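Chain and residue survey
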Amino acid sequence: MKKVVSVFILIGVMMFSTPCSASLFDDLRNNPNYIYYGGAGTGISFFLDKTSINVNKYEPPVYIIAFINMSYSAGFPKGGTPESVSPKTVWYKYNYDSRKMYLGRQNVDGILSWEYIDTKNANKNSALNSIIAGGEIAFYLAYNINFYKDGPLSWYAKSYFESLK
């Protein structure tokens, strides 16, 4: 009798549980308006909403581009938060002459400060690779050229540019 009750409970849990994490991730991944460009580990993935690309400053060699980043969180099945997507505006500042890229950080008053993105450790840090990829892809979508002279530095940007061919 215990086994029968356990089976019914298991079936009920399966019928009324939330969809698996892969479903929302796949929805984002299969939407042509969202470009997957990495993650920060621990179940966080980043998607660039290419319809949101906005050139805030065009004064060559300095450019500022903003876009909506969709952060996908896989959630954690044992009492953690369910999967979710959090949209957030991100800003990149570029100096094309020096090939330096900066990430904008907005304080509570809405004022941006700029943090230089050091590419020396890009291959050792997946979160840094994602930050670089976001900037590279945004620049490419805005101007149809690579930001770095020798082509994209991040694997995610290389993969995205290859998919366009």
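Our structure's up above, just so we're on the same page.
Residues numbered from 1 in each chain as written. Predicted model: local features only at pLDDT ≥ 70, side-chain atom pairs only at ≥ 80, totals over all residues. Heavy atoms only, no water.

The next thing to look at is the overall build of the chain. Summing up its helical and strand segments, the chain has four helices and six strands in all. Along the chain, from the amino end to the carboxyl end, the secondary structure elements read α-α-β-β-β-β-β-β-α-α. Taking the intrachain contacts of the chain between residues at least 6 apart in sequence as the baseline, contacts between residues at least 24 apart amount to 45%. For the chain, the computed accessible surface area is about 10300 Å², with 56% contributed by carbon and sulfur atoms. (Helix = DSSP H or I, 4+ residues; strand = E, 2+ residues; numbered from the N terminus. Contact = heavy atoms within 4.5 Å. Areas by Shrake-Rupley, 256 points an atom, 1.4 Å probe, with all protein chains shown as cover.)

Moving on, we get to the pattern of salt bridges. Pairing of side chains with opposite charge becomes possible as their charged atoms draw close. Enumeration according to the criterion identifies four salt bridges in this entry. One salt bridge in this structure joins Asp 118 and Lys 120, with 3.8 Å as the shortest N-O distance. According to the relative accessible area criterion, Asp 118 is partly exposed, its value standing at 29%. Between Lys 165 and Glu 162 there is a salt bridge; the shortest N-O distance is 3.1 Å. (Salt bridge = Lys/Arg side-chain N within 4 Å of Asp/Glu carboxyl O. Buried < 20%, exposed > 50% of the residue type's maximum accessible area, 1.4 Å probe, protein only.)

Judged from the five bridges that link them, strand β5 (residues 100-106) and strand β6 (residues 112-116) form a sheet pairing that is antiparallel. Looking at the pairing, Leu 103 lines up with Glu 115 of β6. Between β5 and β6, which follow one another and run antiparallel, lie five residues, and Gly 110 among them has a positive phi close to 85°. (Pairing = 2+ DSSP bridges.)

In globular proteins that are soluble, nonpolar side chains generally tend to be buried together. Counting residues in hydrophobic clusters, the biggest one holds 27 residues, and the most contacted among them are Tyr 37, Tyr 92 and Tyr 94. Mapped onto this core, the elements with two or more residues apiece are β1 (34-41), β2 (44-59), β3 (62-73), β4 (84-95), β5, α3 (126-143) and α4 (155-163). The greatest single-element share of this core, amounting to seven residues, is contributed by α3. Once you skip the residues sitting within four places of it in the chain, Tyr 92 turns out to touch Tyr 63, Ile 64, Ile 65, Phe 67, Met 101, Tyr 102, Leu 103, Trp 114, Ile 117, Ile 131, Gly 134 and Gly 135. Phe 25, Leu 28, Phe 47 and Tyr 72 belong to the second-largest nonpolar core, a separate cluster that totals five residues. (Core = buried A, V, L, I, M, F, W, Y, C linked by side-chain atoms within 4.5 Å.)

One can describe the packing of α3 onto α4 by two numbers: an axis separation of 7 Å at closest approach and a directional angle of 35°. Between α3 and α4, the contacting residues are Asn 129, Ser 130, Ala 133, Glu 136, Ile 137, Tyr 140 and Leu 141 on the first element and Tyr 156, Ala 157, Tyr 160 and Phe 161 on the second. Of the residues assigned to the contact of α3 with α4, the class counts are eight nonpolar, two polar and one charged. (Axes fitted to C-alpha atoms, helices over the stretch in contact; angles between N-to-C directions. Nonpolar A, V, L, I, M, F, W, Y, C, P; charged D, E, K, R; others polar.)

Now for the packing of aromatic side chains. Under the defined criterion, the tally for this structure stands at 22 aromatic pairs. In this structure an aromatic cluster arises from ring pairing among Tyr 37, Phe 46, Tyr 58, Tyr 63, Phe 67, Tyr 92, Tyr 94, Tyr 96, Phe 139, Tyr 143, Phe 147 and Tyr 148. When the ring centre of Tyr 96 is taken as origin, the NZ or CZ atom of Arg 99, which lies over that ring, is 3.7 Å away. The lysine or arginine in question, Lys 100, covers the ring of Tyr 116, its NZ or CZ lying 5.6 Å from the ring centre. (Phe/Tyr/Trp six-rings, centres within 6.5 Å; stacked < 30°, edge-to-face > 60°. Lys NZ or Arg CZ within 6 Å of the ring centre and 35° of its normal.)

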